[in-house]
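Topology and contacts: notes
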Amino acid sequence: MSQVIKGKPVADKISEELVLEIEALKEKVIQPKLTIVRVGARPDDLAYEKGALGRCKKVGVETEVKELPEDITQDDFIKELQNLNEDKAVNGILIFRPLPEQLDESVIKYVIAPEKDIDCLSPVNVGKMTEGDKTGFPPCTPTAVMEILKFYGVELQGKDCAIIGASMVVGKPTAILLLNENATISVCHIFTKDSAKVARQAEVVVVGVGVPRLVKENWIAEGAIVIDVGINVDNEGNLCGDVDFDGVKDKVSMITPVPGGVGSVTTSILAKHVVKACKQQNNL
Ligand SMILES: NC(=O)C1=CN([C@@H]2O[C@H](COP(=O)(O)OP(=O)(O)OC[C@H]3O[C@@H](n4cnc5c(N)ncnc54)[C@H](OP(=O)(O)O)[C@@H]3O)[C@@H](O)[C@H]2O)C=CC1
Ligand SMILES: Nc1nc(=O)c2c([nH]1)NC[C@@H]1CN(c3ccc(C(=O)N[C@@H](CCC(=O)O)C(=O)O)cc3)C=[N+]21
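In short, a report on the structure. Source: prediction; values computed, not measured.

**Concerning the pairing of strand β3 (residues 62-68)**
- In this structure, strand β2 (residues 33-39) lies alongside β3, joined through seven bridges in parallel fashion. Note that in β3 the partner of valine 37 across the bridge is lysine 66.
- Regarding topology, helix α2 (residues 43-59) serves as the crossover connection from β2 to the parallel β3, and that connection is right-handed.

Here it is, written out as structure tokens:
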């Protein structure tokens, strides 16, 4: 029996908890605030921004979007970021990635204040995540993957997991978070000889590659659990994942849909991280 595991119940549960936490903060006259830094207007960034602003409003996190020109210089960008680091009213900073070419992420990642870095750009947070230090902020999307697996009762200890895609926003951190739950991990990327074979041997498959419906029926073992992180627009203009949902759905035990899966939980995690940052900054 295949179960389509939706993001909404997971997102709703997180949001309900956040509403209570934020009410308690407001009684102390503390207002959590997220600032989004967007350079230019990539459709991907705008889609995430829309979801993020909507979710934050719903739970009571204040938001601000710093929209910067596509051709902003590295020096000007760093000045803007330093202002946000110093602004006491700002608890969380989300910088949309990838940044345009003239901006050097390898420098910028050391500028963002780690305690405000709610999507794991800073090496401090990458290190904390790797060590399993819960005071840090792992990236929101991989955290959403973990929350979905937890919500639907998937036991990870000792499980064989395959991750298809190895970016710093999705694949690599997901591998680390699964490893921290004592799963056994294989990570596939563009140089992997046979990703389908690796996926076929796994009990849990997490996919984040950005290729519409790449993962077909012959990639998936009978009864596997499939988490599809991809958000793509296909040739007909429809939103679709990196997994051929219709092709694999009868073979799996659980699968996330797109839309309505991981993407809908990511924004709740974002709001949750802002509240966590706010509490830490107020020594609560
Ligand atoms: N649900 C959500 O909230 C979010 C969804 N996304 C979605 O997730 C997807 C991935 O995003 P992102 O990680 O940023 O993308 P990137 O392009 O940064 O990374 C894609 C990764 O997949 C690998 N890859 C590409 N093609 C293949 C292939 N045929 N076989 C195996 N590996 C492959 C790449 O390998 P290499 O590096 O070697 O080229 C790379 O590691 C996109 O659809 C994006 O829209 C992204 C963020 C949040
Ligand atoms: N630092 C950084 N972190 C990111 O995680 C990141 C990024 N930069 N840059 C852009 C990409 C793209 N991305 C999306 C997330 C959600 C939707 C999305 O459509 N969300 C819908 C739900 C979609 C669904 O239901 O599956 C919503 O929130 O309402 C789209 C795109 C994040 N990214």
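**Brief notes about the nonpolar core**
- Grouped together as the largest cluster of nonpolar side chains are 75 residues, with contacts concentrated most on Val145, Ile148, Ile164, Val205, Val206, Val226 and Val274.
- With nine residues, the single largest contributor to this core is helix α10 (residues 262-281).
- If you count residues domain by domain, this core takes at least three from each of domain 1 (29-115) and domain 2 (140-263).

**Re the sheet that holds strand β8 (residues 225-228)**
- Reading across from one edge, β1-β11-β8-β7-β5-β6 is the order of the six strands in this open sheet, with parallel pairing throughout. In this open sheet, the two edge strands, each paired with only one partner strand, are β1 (3-4) and β6 (184-188).
- Pairing analysis gives two bridges linking β1 to strand β11 (residues 254-255), with the strands arranged parallel. Paired with valine 4 across the bridge in β11 is isoleucine 255.

Conventions used here
- Residues numbered from 1 in each chain as written.
- Chains lettered and ligands numbered in written order.
- Predicted model: local features only at pLDDT ≥ 70, side-chain atom pairs only at ≥ 80, totals over all residues.
- Pairing = 2+ DSSP bridges.
- Helix = DSSP H or I, 4+ residues; strand = E, 2+ residues; numbered from the N terminus.
- Right-handed = clockwise from strand over helix to strand, strands pointing away.
- Core = buried A, V, L, I, M, F, W, Y, C linked by C-beta atoms within 7 Å.
- Buried ≥ 20, exposed ≤ 12 C-beta atoms within 10 Å, placed from the backbone.
- Domains from an automatic or database assignment.

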